[in-house]
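Chain by chain, the residues run as shown.
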Amino acid sequence: MEKNDIKIEYDELTGVYNRNTFYRLAKEMIRKDPDAKYMLILSDVESFKMINVRYGEEKGDELLAFVGKYLSYSPGADIIFARYSGDQFVGFSKQVGDPEDEESFNQNLMFAMEQMYENAPVNHFEVKFGIYEDVDLSLPISRMCDRALMALRTIKHQYGKSVAWYDQRMHQQYMKEQHIQECMEGALKDNQFQVYYQPKHDAKTGKLVGAEALIRWTHPVYGFMSPADFIPLFEKNGFISSVDLFVLKRVCEDLKAWKTSGISVVPVSVNASRKDILQSQFLEKIKSVLEGENISSDLLHMEITETVFIEDVEYLKPIIQEARDFGIHIELDDFGSGFSALSLLTSLPLDVIKLDMSFVRSIEKQKMIIENIINICHGLNCKMVAEGVETEEQLAILREMNCDTIQGYYFSKPLPAEGFREYIENCNRL
Ligand code: C2E
Ligand code: CA
Ligand code: CA
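Figured I'd write up the structure that's included with this text. Since the structure is predicted, the reported quantities are computational estimates derived from the model, not experimental observations.

Thresholds, definitions, all that
Residues numbered from 1 in each chain as written. Chains lettered and ligands numbered in written order. Predicted model: local features only at pLDDT ≥ 70, side-chain atom pairs only at ≥ 80, totals over all residues. Heavy atoms only, no water. Donors = N, O, S within 2.8 Å, 3.2 Å for Na, K, Ca; no water. Helix = DSSP H or I, 4+ residues; strand = E, 2+ residues; numbered from the N terminus. Buried < 20%, exposed > 50% of the residue type's maximum accessible area, 1.4 Å probe, protein only. Near = heavy atom within 4 Å. Polar contact = N/O pair within 3.5 Å; in protein donor to acceptor, adjacent residues only side chain to side chain. 1 Å grid on protein atoms, 1.4 Å probe; cavity = no way out; pocket = protein on both sides within 12 Å on 5 of 7 lines; lining within 4 Å. Sits in = over half its atoms within 2 Å of the grid points. Core = buried A, V, L, I, M, F, W, Y, C linked by side-chain atoms within 4.5 Å. Contact = heavy atoms within 4.5 Å.

### Structural notes on the coordination of the calcium ion (ligand 2)
Here's step 1: At 2.2 to 2.4 Å from the calcium ion (ligand 2) lie its protein donor atoms, namely Glu 212 (OE), Asn 271 (OD1), Glu 303 (OE) and Asp 333 (OD).
Here's step 2: Within one chain, the residues donating to the calcium ion (ligand 2) are spaced in sequence as E-x58-N-x31-E-x29-D.
Here's step 3: Separating the calcium ion (ligand 2) from the calcium ion (ligand 3) is a distance of 3.8 Å, and Asp 333 supplies a donor atom to each of them. With Glu 212 in strand β7 (residues 208-219) and Asp 333 in strand β11 (residues 329-335), this residue pair connects regions lying 121 residues apart in the sequence. Both residues of the pair, Glu 212 and Asp 333, belong to the buried class.

Have a look at this one:
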């Protein structure tokens, strides 16, 4: 296509090219010099929605027009610059200088940004950049943008990080995530997921008092996968609700089988994600599984991590309350790992608070804090569970502080169902 045939269109708000024109012009640039090296930069105004809320949409528009104008100003450089989407801009240019010298590139960019912030119509905002250098010219321009975006996403909401460069590792991670997304549903049907049980013991008597159900995935290609590799992805794409329902069903089936064989069982906790709680008929689904296996609700505990409540506590509270009224014990998971508002403890209907593992790791240094948390917990009529207890010393200190329940490798690692059944039998024999 000749240059004259390219339909040039501009973005109305900012006056720079729109995305389609960007794709066409970038392709044209490569066509003219296919041996050159190119780089693509995608930028994003951090938390732009909040700027709209705080200053009003008119000011938000003004800011976008300002950023667009500022970023597109590059005297002497042959760069195609466009609005990519809402608050995102994209630039494409030939690579100048040493492609390895990321450090000085970042510094120059930051210097230019400081000047931009000084003159901006709004205070306290930040522009972040994802950079894809030495682009693979066989890719469509849109895929090049995806790669820069991928880099950009790795620093979203991360304080002090303004520039991220796309690298092979990100690509591998992306490919792995794509593959996981493609095979997750089949994996559930093929029984690649297993439920493991980690025992919980009374701190004083050592008696077995419960267990936590933890998911495991044995993948045909990746082998044994840690939940850290797939739970965050499932939380993002919503598949977590299917997985958590599977875990609940399996727990109820196991409990039923153990009861039928005459074993005196202990309550088991399942982990619930934000997406689970927000789905319609959350409690109805749980009720129907419990009823289907004839399991009483007091054998079920639900662990909800504190970060679930960062937003809309008031909205979630009645849902949790309803579950609790039905007889399910509610455990606040990972307490102290995140924002830890003490007000959360008083505003939520809780039965158990689980002290985050990080406290146990540094128990010697944090004795005072832990003791106070345990006192508050008891003041609220809740039981305290300490997670990640590995040594005799940690156990002794926690016992001394009146911690109620202990979970961790000191007693046992998470066990497969059959192993946990034997574990219960051994404990019952003692
Ligand atoms: P979590 O709920 O905080 O679970 C406790 C994690 O600590 C488990 O890791 C457990 O194996 C590990 N752990 C227990 N005792 C010790 C110890 O003494 N030392 C050390 N170093 N680690 C210990 P796991 O199984 O890898 O699970 C990681 C996280 O994945 C869980 O953290 C939970 O948030 C999530 N998860 C696991 N299964 C499920 C599930 O079925 N549904 C949902 N929504 N999340 C799950
Ligand atoms: Ca948990
Ligand atoms: Ca936990």
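There's plenty left to go through after this.
### Topic: the coordination of the calcium ion (ligand 3)
Here's step 1: Surrounding the calcium ion (ligand 3) are the protein donor atoms Asp 333 (OD), Asp 334 (OD), Glu 387 (OE) and Glu 387 (OE), at 2.2 to 2.7 Å.
Here's step 2: The sequence pattern formed by the donor residues of the calcium ion (ligand 3) is D-D-x52-E.
Here's step 3: A relative accessible area of 21% places Asp 334 in the partly exposed class.

### Describing the site of ligand 1
Here's step 1: Not every one of the 22 residues close to ligand 1 is listed here, only the nearest: Arg 216, Asp 244, Met 357, Glu 390 and Tyr 409.
Here's step 2: Interatomic distance of 2.6 Å between a side-chain N/O atom of Asp 244 and a nitrogen atom of ligand 1.
Here's step 3: At a threshold of 2 Å from the grid points, most atoms of ligand 1 map onto the largest pocket.
Here's step 4: Elements represented by at least two residues in the shell around ligand 1 include exactly β7, α7 (227-237), α8 (240-260) and β11.
Here's step 5: Looking at the shell around ligand 1, the element that brings in the most residues is β7, giving four residues.

### Some details on the nonpolar core
Grouped burial of nonpolar side chains is what soluble globular proteins tend to show.
Here's step 1: With 82 residues, the main nonpolar core has Phe 234, Met 302 and Phe 309 as its most contacted residues.
Here's step 2: Broken down by element, this core gets its largest block of residues, nine residues, from α8.
Here's step 3: Not counting chain neighbours up to four residues away, the residues in contact with Met 302 comprise Val 270, Ala 272, Phe 282, Ile 286, Ala 323, Ile 328, His 329, Ile 330 and Glu 331.
Here's step 4: In this structure, Tyr 23, Ile 141, Met 150 and Ala 164 belong to the second largest nonpolar core, which totals 30 residues.

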